[in-house]
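Structure assessment
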Amino acid sequence: MANLATPDLLNRIKTLYPTSSSPPKTAKEYLENPYFFAATVVFSSYNYPEAIPAVFESALNDIKALGATEEEQRFLVRKTRDALLKCGILIGYPKAINGMVALYGATPENLRDKEMIRDKTLPTEYWTASGQKYFNSTYGESAQQTQSLLEAIYPDFGHFCITHAYGYAYSFSELISGLENSYIMLVSNIAMDVPRQIEWHLKGSVRNGGSPEQVKAVREIAIEVGKAAGAVWRNEIPQL
């Protein structure tokens, strides 16, 4: 199969997101652009893990050219990998696992983690409180209504969303910020063709600190990558 993550596509989508410095002058500035993990998530959503190494290797080469330290290179790996962990809740873990396997295969040995990053000794109550805080931040004035809906349709699911999805997965921000979490949910839902949830996370991305221009750019990145993967949307994709 032809490479879906072509240089033309990657060069195009990396210019869409407005950052503090364009073009970036340092690896740190480069890593402010969510295009690389957004593209990774979308390709995983359509189960094209074979496209992920090209996205990762392009980004890795870019930050090396900017003088990235080994720790900054490792941060790129961790950021991409955690995006796959987080998007699996929405796109399905079989697809996310395929993506992680492809990323692992493309990762140089010295950049592979051997230990957990999250603290596995933290109690469930910690993740519930952390998840509730991030859920409230994401949904704002509609948080209570949305949570009530999730608990009404299945109380167990409501608990899972707050404690495990928004807690253990999304609220962990050492690698991916609250805003970037919103981007992951946004691009995953665009790939999944679910307008209601897309609307939630367009607004959630703004609540979590994204400018309208940045959020619109992430939406466009998801659409561009989706088209490269052959996506056909049955529903109109909501706009901010």
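An account of the accompanying structure is given in this report. (Residues numbered from 1 in each chain as written. Predicted model: local features only at pLDDT ≥ 70, side-chain atom pairs only at ≥ 80, totals over all residues. Heavy atoms only, no water.)

**Some details on the environment of Pro-108**
With respect to the helices, strands and loops of the structure, Pro-108 is situated in the loop between helix H6 (93-106) and helix H7 (124-139). Assessed through its relative accessible area of 27%, Pro-108 is described here as partly exposed. C-alpha of Pro-108 to C-alpha of Val-187: the two residues are 79 residues apart in sequence and 27 Å apart in space. Among residues more than four places away in sequence, those in contact with Pro-108 are Phe-56 and Leu-60. (Helix = DSSP H or I, 4+ residues; strand = E, 2+ residues; numbered from the N terminus. Buried < 20%, exposed > 50% of the residue type's maximum accessible area, 1.4 Å probe, protein only. Contact = heavy atoms within 4.5 Å.)

**Observations concerning unusual backbone geometry**
Peptide bonds are, in most cases, trans, and in most cases residues other than glycine have a negative phi. Residues Ser-22 and Pro-23 are joined by a peptide bond in cis, for which omega reads 0 degrees. Inspection of the secondary structure assignment puts Pro-23 in the loop between helix H1 (7-13) and helix H2 (27-30). For Asn-47, which is not a glycine, the phi torsion comes out positive at approximately 60 degrees. Topologically, Asn-47 is positioned in the loop between helix H3 (35-45) and helix H4 (52-65). You can call Asn-47 partly exposed: its relative accessible area is 35%. Even without a glycine there, the phi angle at Asp-193 is positive, about 60 degrees. On the secondary structure map, Asp-193 appears in the loop between helix H10 (178-192) and helix H11 (195-207). What makes Asp-193 buried here is its relative accessible area of 15%.

**Some thoughts on the packing of aromatic side chains**
Per the stated rule, a full pass over the model turns up 12 aromatic pairs. Judged by centre distance (5.6 Å) and plane angle (90 degrees), the rings of Phe-36 and Phe-37 are edge-to-face. Taking the relative accessible area as the measure of exposure, Phe-37 reaches 0% and is therefore buried. Joined through ring pairs, the aromatic side chains of Tyr-134, Phe-135, Tyr-139, Tyr-166, Tyr-170 and Trp-200 make up one cluster. The positively charged end of Arg-112 is found above the aromatic ring belonging to Tyr-104, 3.9 Å away from the centroid. Its end group placed over the ring of Tyr-168, Arg-118 keeps NZ or CZ at 5.2 Å from the ring centre. (Phe/Tyr/Trp six-rings, centres within 6.5 Å; stacked < 30°, edge-to-face > 60°. Lys NZ or Arg CZ within 6 Å of the ring centre and 35° of its normal.)

**Brief notes about the pattern of salt bridges**
Overall, the coordinates contain 13 salt bridges when judged by the stated rule. With a shortest N-O distance of 2.7 Å, Arg-81 and Asp-113 are connected by a salt bridge. Of this pair, Arg-81 sits in helix H5 (residues 70-91) while Asp-113 is found in the loop between H6 and H7, placing the two residues 32 residues apart along the sequence. Classification of Arg-81 by relative accessible area gives partly exposed; the value is 24%. Residue Asp-113 is classed as partly exposed on the basis of its relative accessible area of 21%. Among the ionic pairs, Lys-114 bridges to Glu-109, the shortest N-O distance being 3.1 Å. Glu-109 gets classed as partly exposed once you look at its relative accessible area, which sits at 48%. (Salt bridge = Lys/Arg side-chain N within 4 Å of Asp/Glu carboxyl O.)

**Looking at the packing of H7 against helix H9 (residues 155-170)**
Packing of H7 against H9 leaves a shortest axis separation of 7 Å and a crossing angle of 85 degrees. If you check the angle between H7 and H9, you find them roughly perpendicular. Residues Thr-124, Trp-127, Thr-128, Ser-130, Gly-131, Gln-132, Tyr-134, Phe-135, Thr-138 and Tyr-139 of H7 touch H9, and the partners they reach there are Ile-162, Thr-163, Tyr-166, Gly-167, Tyr-168 and Tyr-170. (Axes fitted to C-alpha atoms, helices over the stretch in contact; angles between N-to-C directions. Parallel < 35°, antiparallel > 145°, perpendicular 65-115°, else oblique.)

Remember that the coordinates give geometry; whether it matters functionally is a separate question.
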